[in-house]
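The chain contents come next:
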Amino acid sequence: MKITKYIAVILLLSIVSNAHGQSKKDPWVKKNWNNMIARFNIYFNADQKMQSALADLALKQKDDFSDFISIYPYGSQEDAKALRPAMEEVMKKASKVIQNKPRSKWADDAYFLIGKTQFFSGDYFSSIETFQFVNTSYTDEYIKALSQLWLMKSYIQQGKYDDAEAIYSVLKDNTSSNKDFKTNLYLSAGDLFVKQNKKSEAINLLNAGLARLKNKTLIYRTNFVLGQLYLETKNYKKASESFLKVLRTNAPYEYVFQANLGLARSTAEAGGQGSQKTKKYLKRMLDDEKNIDYYDQIYYELAKLEFGGNNTDQGLEYMLLSSSTSKNNNTQQTKTYLYLADYFFSIRNYKKAQAYFDSTVSIIPEKYPNIEKIKTKHTVLSKLIENIETISTQDSLIALSKLDRAELDKRVNQMLAEEQELERKAKEDAQLKAELAKLNSRNTGGMPIQDLNQSGNIWYFYNMSAVGRGSSDFIRTWGNRNHSDFWRFINKGSMGNELKDKEEQKKDDEEQPNLLAEDEEQNEILKDVSLDKKKFYANIPFTATSLLLANKQIAEAYMSNGKIYFDELKEYNESKINLKTLLKLYPSTIHEPEALYYLSKNESELGDTIEAERYARIIADRFPETPYNNVLNAVAIEEDNADADAIRKYEEMYESFKSENFNATVRIKKEIDTDYPGSSIQGKVDYLYALTIGKTKGKQAYIEELKVLQDAYAGNEIGDIAAYTIRLLTTEVSSTIPTIFSAEEGIFYYVITGSTENPSKVQVQLTEYNERFFSGRKMIVNSMIFGEKQLYYIKQFESQKLALDYHQEMERNIVFLRDAGLSGAKIYALTESNFKTLVKSTKEDEYILFFNQKYK
């Protein structure tokens, strides 16, 4: 009625105007006529199209309930792409207002609507520009405030939470009397604070937004988020109240189910009889057919309750049911497998833990929390289990090689007969199954010819109950696996030697080529073996060469496991067992110094200092030139209490140098000279100061400062470094310079050194880096202890150019090493002979100076 009256008034005024004179234009009438056309004929249609599209978007919303859901159902990037055709229509309609009625008071609304079409199309950069234009170009305070609100939403969608919060800090003081604006501001800001993990602020804002909220979709979504927040902040009473409010709304069933789960968690966490009530509640949910697609989540919650009550057998059973009933929910499957993996890891059953980590990694979503940590643990355990299986396999093969040939032939004949019998039965059973299927297809409507679920003397795969039990046993041990070859190796990196190219394997060790060369003696032994039996004999080490290779694999596996147990799993006794077994079986192994080093470290961790010192003395006596001796038997600088303060100051000075705050470095140096003169670390302080001079005052000033060090610390390591640096800075590098490193050509290695608490993780990251950026080259990453640091060497580069190209790329990506967990990284290329010299001498600083002069 109001609209009709408005139109009638405009028409009446137009008639009156014409009566007074057709040539005379009435600007008031024209303005209102344009406003009416803009609003009811153009803008209205555009806005209706927008509302219809957004209603469809809300129905398609897919939320990840493993994390906080968003308040607004704005969909994913894929949804935004699907919405673009509809948004383009809206944009065209809104553009007509601007083109045809530019002076209409609806022009700013049209621009604002265009900004929303860009927002819902996923073009946030354009929406930001449009909302900023509306805010700065028009005077209507309400439309300006709305533009700022949607500008904040655009920043939230981009993940620019600080920018969004800055806008909220302005908008929260807005005095607009529009109730819908305040409601949407509170909800948008609450959504922002949830994403920033500011839970208490988010709770306050969402409750404020709920007070006058009328949109039914936003009501159940906001209550659900509040339930999640209260659950996280352990306000279980409020959490239950919020989830109950969701249940009272007309929410889609998925939200009803998740609210029921949230209510169950709140009750269980509240303590008292809550756990028992929750179990009954969850079991009732299993009886509801509407929950059949959610059984995996219900069983998971039941399992956690049983584990929490120390009923591990029932907990495991529920977890396996969660796994077996999960259909297309990768997030829930990941949670189930990961829970089992962590459980078995906690009770030190590493074989089962690795199996479940394997299953986890095979399906884990890309954005799952802590995904890199999970993959690292999986890699470590995969290597551990691979080593255990290498030891078992090679031990068995060596045992077979020692059998009398007649006895060995007898065993092989038996294995061949068993294999042939299995193949014959499988063939017969397949034919029987096909015949039964034909008969049953002709007997439609009647009973099947054979009940395949009955027990009895039928093929295993026809007995459904037996298959069910077998499937459960398999999942219990290995988790769900795809039906494919190499099912045990979800991650190709864990296949180890199973699939590795033999030529690539040859490069893995300097001794390897001779061991893997074709063994004519082995071939001679096998030449009379028939083809159907040859596969049983092929891997048995009959000759000295093949036996040497088998023993080498066992020794490497024991050494690797000793390091994994020490470095990654902190299982010091298990590490000792592997290392002692290695030295007992192979007393002259090349791994002896490293094994002794780790044995000493294990004893130190276990508190047996006498044994630790004994192993250290053995290394000092028998392997004095190894880095393991340098680490274990280094002469410590005696420090008194005054030196302890000086050392703390020096650490502060070093940090300022690393961050290139050279003014602070110089200032702290003066403080040390004044407050701690003559301390035991004065040489380090002076040397760091010289480096600072080199960074800030140039080459000549650096040389002068080094001369001072050379004189002050003559005969000392710092004096030697200063003298050598002066020679390099004042003389061109040539064959006449006294250096232990040579400038010859040849095969190049690439070296990275630094400190890390997780050596294996860095090695994995380097391998993945090479596979990603240098996939066309075969590069192997190895590691070793180097003084007090870890040394990674990558081999090999056929020419100096390839090595230096790699060096330039690594310099550009040096931050990657820090992110991988390696601090104080030093990087350089060197020839194979210089690498051997470096490892033997440990004179890294000298080589780096040589490298910078020779190759850079």
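Draft legend 1. Expanded view of the overall build of the protein. Looking only at helices and strands, the protein features 39 helices and four strands. The buried share of the protein, reckoned over its 856 residues, is 43%. Considering only intrachain contacts with a sequence separation of at least 6, the fraction spanning at least 24 residues in the protein is 60%. Accessible area for the protein stands at about 47400 Å²; split by element, carbon and sulfur atoms hold 49% of it.

Draft legend 2. Highlighting unusual backbone geometry. Look at the link from Lys-795 to Gln-796: it is a cis peptide, with omega at 5 degrees. Relative to the helices and strands, Gln-796 resides in strand β3 (residues 789-797). With a phi angle near 65 degrees, Lys-234 is a residue other than glycine that sits in the positive phi range. Structurally, the position occupied by Lys-234 is in the loop between α10 (216-232) and α11 (236-248).

Draft legend 3. Examining the pattern of salt bridges more closely. Under the defined criterion, the tally for this structure stands at 25 salt bridges. Measuring nitrogen to oxygen at the nearest pair gives 2.9 Å for the salt bridge that ties Glu-301 to Arg-265. You can see Glu-301 sitting in helix α14 (residues 295-308) and its partner Arg-265 sitting in helix α12 (residues 253-269), a full 36 residues away along the chain. Overall, the relative accessible area of 25% leaves Arg-265 in the partly exposed class. Here Arg-667 and Glu-671 are joined by a salt bridge, their closest N and O atoms 3.1 Å apart. One end of the pair, Arg-667, and the other, Glu-671, are both in helix α31 (residues 662-675), four residues apart, so they sit about a helical turn from each other. Residue classification places Glu-671 among the partly exposed positions, given a relative accessible area of 25%. Connected via shared salt-bridge partners are Lys-649, Glu-652, Arg-667 and Glu-671.

Draft legend 4. Structural context of the environment of Phe-65. Turning to its location among the elements, Phe-65 is positioned in the loop between α2 (27-59) and α3 (77-100). On the basis of relative accessibility, which here comes to 14%, the residue Phe-65 falls in the buried class. Sequence separation between Phe-65 and Tyr-255 is 190 residues, and the spatial gap between their C-alpha atoms is 9.2 Å. Non-local contacts of Phe-65, meaning those with residues more than four positions away in its chain, are made with Phe-224, Gln-228, Glu-254, Tyr-255 and Gln-258.

Draft legend 5. Spatial organisation of the packing of aromatic side chains. Enumeration according to the criterion identifies 50 aromatic pairs in this entry. Note on Phe-224 and Phe-243: the rings are 5.6 Å apart at their centroids and 70 degrees apart in plane angle, and the pair reads as edge-to-face. Taken together, the residues span a long stretch of sequence, with Phe-224 in helix α10 and Phe-243 in helix α11 at a distance of 19 residues. Each member of the pair Phe-224 and Phe-243 is classed as buried. Counting every residue linked through ring pairs, the aromatic cluster contains Tyr-72, Tyr-74, Phe-112, Phe-119, Phe-120, Tyr-124, Phe-131 and Trp-150. Seen from the ring of Trp-150, Lys-153 lies directly overhead, with NZ or CZ sitting 4.9 Å from the centre. For Lys-669, the ring lying beneath its charged end belongs to Tyr-689, and the centroid distance is 4.9 Å.

Draft legend 6. Structural context of the nonpolar core. Judged by nonpolar contacts, the single largest core of 67 residues is most densely connected at Met-87, Phe-120, Leu-149, Trp-150, Met-152, Leu-206 and Leu-229. In terms of residues, this core owes the most to one element, helix α6 (residues 141-158), which gives nine residues. Aside from chain neighbours lying at most four places away, what touches Phe-120 is Met-50, Leu-54, Leu-57, Tyr-74, Ala-80, Leu-83, Met-87 and Trp-150. Membership of the second largest hydrophobic core comes to 41 residues, among which are Leu-282, Tyr-299, Leu-320 and Leu-381.

Draft legend 7. Spatial organisation of the confidence of the model for the protein. On average, residues of the protein carry a pLDDT of 78, and 79% of them reach 70 or more. Counting contacts from residues 1-26, a segment whose pLDDT is below 50, to residues more than four positions away or on other chains yields 12 contacts. Counting contacts from residues 37-41, a segment whose pLDDT is below 50, to residues more than four positions away or on other chains yields 11 contacts.

Draft legend 8. The packing of α31 against helix α32 (residues 682-697), seen in detail. Interaxial distance between α31 and α32 falls to 10 Å at its minimum, and their mutual angle equals 150 degrees. Relative to α32, the element α31 lies roughly antiparallel. With respect to the hand of their crossing, α31 and α32 are arranged in left-handed fashion. Across the interface between the two elements, Phe-662, Thr-665, Val-666, Lys-669, Ile-672 and Asp-673 from α31 touch Gln-682, Val-685, Asp-686, Tyr-689, Thr-692, Lys-695 and Thr-696 from α32. In terms of residue class, the contact of α31 with α32 is made up of five nonpolar, four polar and four charged.

Draft legend 9. Here's a closer look at helix α39 (residues 844-855). Taking 1.5 Å of rise per residue, the 12 residues of α39 would be expected to cover 16 Å, and the 16 Å separating its terminal C-alpha atoms lies within 8% of that figure. Looking at α39, one finds that the buried residues are Glu-844, Glu-846, Tyr-847, Ile-848, Phe-850, Phe-851 and Tyr-855.

Draft legend 10. Structural context of helix α9 (residues 199-210). End to end, α9 covers 16 Å across 12 residues, agreeing with the expected 16 Å (1.5 Å per residue, within 8%). Lys-199, Ala-202, Ile-203, Leu-205, Leu-206, Gly-209 and Leu-210 are the residues of α9 that are buried. Next to the buried residues of α9 lie α7 (161-171), α8 (179-195) and α10.

Draft legend 11. Summary view of a positive patch on the surface. Taken together, the side chains of Lys-237, Lys-238, Lys-245 and Arg-248 make up a positively charged region of the molecular surface. Structurally, Lys-238 can be placed in helix α11. Under the relative-accessibility criterion, Lys-238 is labelled partly exposed at 39%.

Draft legend 12. Focus on the pairing of strand β1 (residues 748-755). Buried residues dominate β1, accounting for seven of its eight residues. Inspection of the sheet shows β1 paired to β3 by seven bridges, in the antiparallel sense. Bridging across to β3, Thr-753 finds its partner in Leu-791. Here β1 pairs with strand β4 (residues 823-831) via seven bridges, running antiparallel. Bridge pairing in β4 links Tyr-749 to Leu-830.

Draft legend 13. View of the sheet that holds β3. Pairing in this open sheet of four strands is antiparallel, and the strands run β2-β3-β1-β4 from one edge to the other. Taken across any chain shown, the strands that pair with only one partner, and hence form the sheet edges, are β2 (780-786) and β4. Strand-to-strand twist across the sheet, computed as the mean angle between neighbouring axes with direction ignored, equals 20 degrees.

Draft legend 14. Inspection of the packing of α8 against α9 at higher detail. At a minimum axis separation of 8 Å, α8 and α9 run at an interaxial angle of 155 degrees. Compared by their axis directions, α8 and α9 come out roughly antiparallel. Note on packing geometry: the crossing formed by α8 with α9 is left-handed. Here Thr-183, Tyr-186, Leu-187, Ala-189, Gly-190, Asp-191, Phe-193 and Val-194 of α8 come into contact with α9, specifically with Glu-201, Ala-202, Leu-205, Leu-206, Ala-208, Gly-209 and Leu-210. When its residues are assigned to classes, the contact of α8 with α9 shows 10 nonpolar, three polar and two charged.

Draft legend 15. Summary view of the environment of Ser-679. Locating Ser-679 in the fold gives a position in the loop between α31 and α32. Looking at Ser-679, the relative accessible area reads 9%, which means it is buried. For Ser-679 and Ile-647, which are 32 residues apart along the polypeptide, the C-alpha to C-alpha distance reads 9.0 Å.

Draft legend 16. Seen up close, the side chain of Ser-600. Take Ser-600: it is sitting in helix α27 (residues 592-606). Under the relative-accessibility criterion, Ser-600 is labelled buried at 4%. Beyond its immediate stretch of four places on either side in the chain, Ser-600 contacts Ala-612, Tyr-615, Ala-616 and Leu-632.

Procedures and definitions
- Residues numbered from 1 in each chain as written.
- Predicted model: local features only at pLDDT ≥ 70, side-chain atom pairs only at ≥ 80, totals over all residues.
- Heavy atoms only, no water.
- Helix = DSSP H or I, 4+ residues; strand = E, 2+ residues; numbered from the N terminus.
- Buried < 20%, exposed > 50% of the residue type's maximum accessible area, 1.4 Å probe, protein only.
- Contact = heavy atoms within 4.5 Å.
- Areas by Shrake-Rupley, 256 points an atom, 1.4 Å probe, with all protein chains shown as cover.
- Salt bridge = Lys/Arg side-chain N within 4 Å of Asp/Glu carboxyl O.
- Phe/Tyr/Trp six-rings, centres within 6.5 Å; stacked < 30°, edge-to-face > 60°.
- Lys NZ or Arg CZ within 6 Å of the ring centre and 35° of its normal.
- Core = buried A, V, L, I, M, F, W, Y, C linked by side-chain atoms within 4.5 Å.
- pLDDT = per-residue confidence, 0-100.
- Axes fitted to C-alpha atoms, helices over the stretch in contact; angles between N-to-C directions.
- Parallel < 35°, antiparallel > 145°, perpendicular 65-115°, else oblique.
- Left-handed = near helix turned anticlockwise from the far one by under 90°.
- Nonpolar A, V, L, I, M, F, W, Y, C, P; charged D, E, K, R; others polar.
- Expected span 1.5 Å × (residues − 1).
- Patch = residues over 30% accessible without salt bridge, like charges linked within 9 Å, V, L, I, M, F, W, Y side chains within 5 Å.
- Lys, Arg positive; Asp, Glu negative; His and termini not counted.
- Charge placed at Lys NZ, Arg CZ, Asp CG, Glu CD.
- Pairing = 2+ DSSP bridges.

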